[in-house]
Amino acid sequence: TCVATSGPYMYVSQYKVKGLVMMRWDVSRSNFVYKRTISIPKLHCPEGVVVTRKGRLLVACAWHGAVYELCRTTGGRYVTLGKVELPDEYFPWNMILREEKNGQEALYIAAHKGDITATDYTEPTPTSSGAVWRIGLSLEGHLPFGAS
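Residues numbered from 1 in each chain as written. Predicted model: local features only at pLDDT ≥ 70, side-chain atom pairs only at ≥ 80, totals over all residues. Heavy atoms only, no water.

**Q** In this structure, what is going on with the nonpolar core? I would like to understand it.
**A** Note on soluble globular proteins: their nonpolar side chains tend to be buried together. Judged by nonpolar contacts, the single largest core of 18 residues is most densely connected at Tyr-11, Ile-38, Val-49, Leu-57, Leu-70 and Tyr-78. Where this core is concerned, the elements lending two or more residues are strand E1 (2-6), strand E2 (9-13), strand E3 (20-26), strand E5 (46-51), strand E6 (57-61) and strand E7 (66-72). Not counting residues up to four positions away in its chain, the partners in contact with Leu-70 are Ile-38, Ile-40, Leu-43, Arg-56, Leu-57, Val-59, Tyr-78, Val-79 and Thr-80. The next biggest cluster of nonpolar side chains, apart from the first, holds 15 residues, and it includes Met-95, Ala-111, Ile-135 and Leu-143. (Core = buried A, V, L, I, M, F, W, Y, C linked by side-chain atoms within 4.5 Å. Buried < 20%, exposed > 50% of the residue type's maximum accessible area, 1.4 Å probe, protein only. Helix = DSSP H or I, 4+ residues; strand = E, 2+ residues; numbered from the N terminus. Contact = heavy atoms within 4.5 Å.)

Printed below as a string of structure tokens:
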């Protein structure tokens, strides 16, 4: 489970649950309250979640070995704007968004190599299989087509 906040909203990934839980700060309760579940068909086993400066959600999906970029439409629906797949059967877990020296944002993703059992925690993580992948966002704040 990973958490990201943006303004009054908190986004929670729940492993093996499709989509993200969206919560909103309630001043009267001094707590976050459930607002909705953001559901995207390919979003199985969500792990890491971050929010870009432009308010887009970046979600690591362990099941597909990819990071998805989600955007809210004016109608309130969330759509997938882009996807970056990690190479060599890496499974993404948590991630952070960091502003680089040039002012652009870059995504750093903790991942490890394995087969599909890696998403079920049925086998130990192979030793020395961890990596941190860096994906620089475009000038417009979008995911590019490839990882660096």
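**Q** Would you mind going over the pattern of salt bridges with me for this structure?
**A** Oppositely charged side chains can pair when the atoms bearing their charge come close. Per the stated rule, a full pass over the model turns up seven salt bridges. With its nearest N and O atoms 3.6 Å apart, the salt bridge here joins Glu-69 to Arg-56. In this pair, Glu-69 sits in strand E7 while Arg-56 sits in the loop between E5 and E6, placing the two residues 13 residues apart along the sequence. Exposure class is identical for Glu-69 and Arg-56. Each is buried. Of the charged contacts in the structure, one is a salt bridge between Arg-134 and Glu-100, with a shortest N-O distance of 3.1 Å. Linking Arg-134 in strand E11 (residues 130-136) with Glu-100 in the loop between strand E9 (90-99) and strand E10 (105-113), this pair joins segments that are 34 residues apart in sequence. Since its relative accessible area comes to 30%, Arg-134 is described here as partly exposed. (Salt bridge = Lys/Arg side-chain N within 4 Å of Asp/Glu carboxyl O.)

**Q** Hey, could you run me through the sheet that holds E11 in this one?
**A** Two pairing modes exist for strands in a sheet, parallel and antiparallel, and in both the strands are linked by backbone hydrogen bonds. Read from one edge to the other, the open sheet built from three strands follows the order E9-E10-E11, with strand pairing classed as antiparallel. The two strands at the open ends of the sheet, each matched to only one other strand, are E9 and E11. If you compare each strand with its neighbour and ignore which way they point, the axes differ by 25° on average. (Pairing = 2+ DSSP bridges. Axes fitted to C-alpha atoms, helices over the stretch in contact; angles between N-to-C directions.)

Read these as geometric descriptors, not functional statements.
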